[in-house]
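What follows is each chain in one-letter form.
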Amino acid sequence: MNKSNNVNLIIDIGNSSAKVGIFNQQELIEKHVFASVAMLNLFLDKHSFKNSIISSVSSNPEEIQQHIQAEKKFILSKNLPIPATNLYATPSTLGVDRLAGVCGARQLFPSYHCLVIDAGTCITYDFIDKEGNYHGGGISPGLGMRFQAVNTFTAKLPLVQAVKAPRLIGDSTESCIQSGVIIGLTEEIKGFIRLYEQEFEDLKVVLCGGDTVFFENQLKGSIFAVPELVLSGLNSILDYNVNL
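This structure is a prediction, so every number in the text was calculated from the model and none was measured.

How each quantity is defined
- Residues numbered from 1 in each chain as written.
- Predicted model: local features only at pLDDT ≥ 70, side-chain atom pairs only at ≥ 80, totals over all residues.
- Heavy atoms only, no water.
- Helix = DSSP H or I, 4+ residues; strand = E, 2+ residues; numbered from the N terminus.
- Rg over C-alpha atoms; globule rule 2.2 N^0.38 Å.
- Buried < 20%, exposed > 50% of the residue type's maximum accessible area, 1.4 Å probe, protein only.
- Contact = heavy atoms within 4.5 Å.
- Areas by Shrake-Rupley, 256 points an atom, 1.4 Å probe, with all protein chains shown as cover.
- Lys, Arg positive; Asp, Glu negative; His and termini not counted.
- Charge placed at Lys NZ, Arg CZ, Asp CG, Glu CD.
- Pairing = 2+ DSSP bridges.
- Axes fitted to C-alpha atoms, helices over the stretch in contact; angles between N-to-C directions.
- Parallel < 35°, antiparallel > 145°, perpendicular 65-115°, else oblique.
- Left-handed = near helix turned anticlockwise from the far one by under 90°.
- Nonpolar A, V, L, I, M, F, W, Y, C, P; charged D, E, K, R; others polar.
- Polar contact = N/O pair within 3.5 Å; in protein donor to acceptor, adjacent residues only side chain to side chain.
- Phe/Tyr/Trp six-rings, centres within 6.5 Å; stacked < 30°, edge-to-face > 60°.
- Lys NZ or Arg CZ within 6 Å of the ring centre and 35° of its normal.

Asks: For this particular structure, what's the right way to read the overall build of the chain?
Replies: Helix and strand counts for the chain stand at 7 helices and 11 strands. Over its C-alpha atoms the chain spans a radius of gyration of 19 Å, differing by no more than 12% from the 18 Å that the globule rule assigns to 244 residues. Each principal axis of the C-alpha distribution contributes one length, and for the chain these read about 60 × 40 × 30 Å. With 244 residues in all, the chain has 46% of them scored as buried. Here the contacts in the chain between residues at least 6 apart in sequence split such that 54% fall between residues at least 24 apart. With an accessible surface of roughly 12,200 Å², the chain has 51% of that area assigned to carbon and sulfur atoms. When the 19 basic and 24 acidic side-chain charges of the chain are each reduced to a single mean position, those positions are 3 Å apart.

As structure tokens, this is what we get:
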């Protein structure tokens, strides 16, 4: 991409990689994934943007921001205004990516209660009501964490990789672990959705995160799969602050 000063730069740094989204207003026109902050900084040094925002749950965002060439630059923190009301009891401990996810869902479904399920390192469940009040939700171990736990806390069970369509009845140790972990987590997600649906009418369920591919087919009909929800939510938070 050539240097440009009329697009928004969105950076989402997670536990395993850094995602970059380039937005022209509300449209995601480019996406990049970097395995390290060093690679991200090399990219940033070569481009300029109109406005930018960083969300990070692992690296120091201030250091990364020094590499950004933009008119206005923001870092998502508990003190940055968002287009929602944060009712979380301990905002200083809240992962900023969770805030971005619910803001993305609210942008998609502004007149509905929304449950955001982010299938990443952990599975996070986050609820924002149709008035724009963010309440919190739940946190559960993700797929990779569960596979690692089976291997780490036993003497002989292997470390197994996830598959998209595990068999219900495994016929080997590997397929039994895949059945227990993947189908077990799928049923957990279904159970959470059912409980929220019992509490709230007009509920929209939005699934995002790197492990979405392992669940979306089993959950079709009850969810909207939006892989880049966090990037879109960050872009909405950026626009909100630019226009304050």
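And the narrative resumes.
Asks: Help me out: how do you make sense of the sheet that holds strand 9 (residues 133-141) in this one?
Replies: Two pairing modes exist for strands in a sheet, parallel and antiparallel, and in both the strands are linked by backbone hydrogen bonds. Taken together, 6 strands build an open sheet; the order of strands is 6-9-8-7-10-11 and the sheet is mixed. Edge strands, defined here as strands with exactly one partner in the open sheet, are strand 6 (85-86) and strand 11 (224-225). Here 6 bridges tie strand 7 (residues 113-119) to strand 10 (residues 203-208), and the two strands are oriented parallel to one another. Residue pairing across strands places L115 opposite V205, the latter belonging to strand 10. The strands touched by helix 3 (residues 96-108) are strand 6, strand 7, strand 8 (122-128), strand 9 and strand 10; relative to strand 9, the strand with the most contacts, the crossing angle is about 125°.

Asks: What am I meant to see in the environment of P81 here?
Replies: Considering the arrangement of structural elements, one finds P81 in the loop between strand 5 (69-75) and strand 6. In sequence terms P81 and P110 are 29 residues apart; their C-alpha atoms lie 18 Å from each other.

Asks: Sorry, what's going on with the pairing of strand 1 (residues 8-13) here?
Replies: In regular strands, side chains alternate between the two faces of the sheet. The element strand 1 is extensively covered by neighbouring structure, given that 6 of its 6 residues are classed as buried. Residue alternation in strand 1 divides its side chains into two sets, N8, I10 and D12 and L9, I11 and I13, and both sets are buried. Both strand 1 and strand 2 (residues 18-24) contribute to a ladder of 6 bridges, which runs antiparallel. Bridge pairing in strand 2 places D12 opposite K19. Here strand 1 folds back onto strand 2, and the loop between the two strands holds 4 residues. Relative to strand 4 (residues 48-56), strand 1 runs parallel, the two being bridged by 6 bridges. Bridge assignment links N8 to a residue of strand 4, and that residue is N51.

Asks: Sorry, what's going on with the packing of helix 4 (residues 143-152) against helix 5 (residues 173-199) here?
Replies: The description of two packed helices rests on the angle between their axes and on the distance between the axes. In the contact formed by helix 4 and helix 5, the axes pass within 10 Å of each other and the chain directions differ by 140°. The pairing of helix 4 with helix 5 is recorded here as oblique in orientation. Considering only the axes of helix 4 and helix 5, their crossing is right-handed. Side by side, helix 4 and helix 5 meet where L143, R146, F147 and V150 of the first sit next to I177, Q178, V181, I182, L185 and E188 of the second. In terms of residue class, the contact of helix 4 with helix 5 is built from 7 nonpolar, 1 polar and 2 charged.

Asks: Would you mind showing me how to read the side chain of H47 here?
Replies: Note that H47 resides in the loop between helix 1 (37-45) and strand 4. Judged by its relative accessible area of 6%, H47 falls in the buried class. Within the structure, H47 has its side chain in polar contact with the backbone oxygen of F43 (distance 2.7 Å).

Asks: Sorry, what's going on with the packing of aromatic side chains here?
Replies: Two aromatic rings are characterised by how far apart their centres lie and by the angle between their planes. Enumeration over the complete set of coordinates arrives at 8 aromatic pairs. Pairing F34 with F43 gives two aromatic rings, centres 5.4 Å apart and planes at 45°, and the pair type is tilted. As far as burial versus exposure is concerned, F34 and F43 are alike and both buried. Ring geometry for Y125 against F192: centres 4.0 Å apart, planes inclined by 15°, an arrangement best described as stacked. Placement of Y125 in strand 8 and of F192 in helix 5 is noted, with a sequence separation of 67 residues between them. For Y125, a relative accessible area of 0% translates into the label buried. Of the residues examined, F192 reaches a relative accessible area of 27% and is grouped as partly exposed. Here the aromatic residues F109, Y112 and F224 are joined through ring pairs into a cluster of three or more. Its guanidinium or amino end placed over the ring of Y112, K204 lies 4.5 Å from that ring's centre, counting from NZ or CZ.

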